[in-house]
Amino acid sequence: MQNDSDRFFVLTGGPGSGKTTLIEALRRAGFATSIEAGRGIIRHQSDIGGPALPWRDRALFAELMLSWEMRSYQIAQEQTGRPVFFDRGVPDTLGYLRLSGLPLPEHINAAAKRFRYNPRIFVAPLWPEIFAQDEERKQTLDEAERTHHALVGVYTELGYEMIPLPLAPVEARLRFVLAETGLA
């Protein structure tokens, strides 16, 4: 799976830091994008009364996140030759487990090593001015900060270079990402 990694760009960071807004801007600009696993799983599980919710069963939620991210990767491979921007990646599952104080199963470690992305990962820093809770994002600002640190730690340990996004309006962030990826 190494052959696609250079064109696969991950945006990660804590909740409420503007990642999904930037992913939407990239999609509107004509780039292929993925949908964030966490929100999708929460919507689906809530619709069916399922148990895989972060406030019910964090380990099961993480397994579904892993499955979702692996599927997103597979779908991205079908975008032959096109850059793809991911709203989180497989390693985010490890960050979530670490944040939750849960064991890091070997199969999830193996997935994070196998499903590789561009070596430069964009990280959205904590941005208290735009952070907001909602029905799907129930984390506190403190948990958002701890999530950010857990994710930066995991990606760094996996050998990725972390590129912080500027605390700026989405159009400025879009220009920054396109410049940093050579797609401007």
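About the criteria used
- Residues numbered from 1 in each chain as written.
- Predicted model: local features only at pLDDT ≥ 70, side-chain atom pairs only at ≥ 80, totals over all residues.
- Heavy atoms only, no water.
- Helix = DSSP H or I, 4+ residues; strand = E, 2+ residues; numbered from the N terminus.
- Rg over C-alpha atoms; globule rule 2.2 N^0.38 Å.
- Buried < 20%, exposed > 50% of the residue type's maximum accessible area, 1.4 Å probe, protein only.
- Contact = heavy atoms within 4.5 Å.
- Areas by Shrake-Rupley, 256 points an atom, 1.4 Å probe, with all protein chains shown as cover.
- Lys, Arg positive; Asp, Glu negative; His and termini not counted.
- Charge placed at Lys NZ, Arg CZ, Asp CG, Glu CD.
- Phe/Tyr/Trp six-rings, centres within 6.5 Å; stacked < 30°, edge-to-face > 60°.
- Pairing = 2+ DSSP bridges.
- pLDDT = per-residue confidence, 0-100.

Here's the deal with the overall build of the chain
At step 1: Check the secondary structure of the chain and you find 7 helices and 5 strands.
At step 2: When the elements of the chain are put in sequence order from the N terminus, they spell out β-α-β-α-α-β-α-α-β-α-β-α.
At step 3: The globule rule puts the C-alpha radius of gyration for 184 residues at 16 Å, and the 15 Å found for the chain is close to it.
At step 4: With 184 residues in all, the chain has 51% of them scored as buried.
At step 5: A separation of at least 24 residues holds for 75% of the contacts in the chain among residues at least 6 apart in sequence.
At step 6: When the accessible surface of the chain is summed, it comes to about 8700 Å², and 54% of that surface belongs to carbon and sulfur atoms.
At step 7: Once the 21 positive and 23 negative side-chain charges of the chain are each reduced to a mean point, those two points are 2 Å apart.

Let's talk about the packing of aromatic side chains
For any pair of aromatic rings, geometry is given as the distance between the ring centres together with the angle between the planes.
At step 1: Within the structure shown, the criterion is met by 11 aromatic pairs.
At step 2: Relative to Phe115, the ring of Tyr73 has its centre 5.1 Å away and its plane inclined at 90°; by these criteria the two rings are edge-to-face. Pair noted here: Tyr73 is in helix H3 (residues 58-77) and Phe115 is in the loop between helix H5 (106-114) and strand S4 (120-124), with a separation of 42 residues, a long-range link.
At step 3: Judged by relative accessible area, which is 6%, Phe115 ranks as buried.
At step 4: Seen from their ring centres, Tyr73 and Tyr117 are 5.4 Å apart, and the 80° between their planes marks the pair as edge-to-face. Of this pair, Tyr73 sits in helix H3 while Tyr117 sits in the loop between H5 and S4; the two residues are 44 residues apart in sequence, bridging distant segments of the chain. Note on accessibility: Tyr73 and Tyr117 belong to one class, buried.

Describing the sheet that holds strand S5 (residues 161-164)
At step 1: With respect to topology, 5 strands assemble into an open sheet ordered S2-S3-S1-S4-S5, the strand pairing being parallel. One side of each edge strand has no neighbouring strand; the edge strands of this open sheet are strand S2 (32-33) and S5.
At step 2: Judged from the 2 bridges that link them, S2 and strand S3 (residues 84-87) form a sheet pairing that is parallel. If you follow Ala32 over to S3, its bridge partner there is Val84.

A short note on the confidence of the model for the chain
At step 1: Here the chain shows a mean pLDDT of 92. Residues at 70 or above account for 94%.
At step 2: Within the chain, S5 carries the highest mean pLDDT (98), whereas helix H6 (residues 141-157) carries the lowest (91).

Considerations on the side chain of Thr93
At step 1: The residue Thr93 is located in helix H4 (residues 91-100) in this model.
At step 2: Sequence-distant contacts of Thr93, defined by excluding residues within four places in its chain, comprise Ala62, Met65, Leu66 and Ile108.

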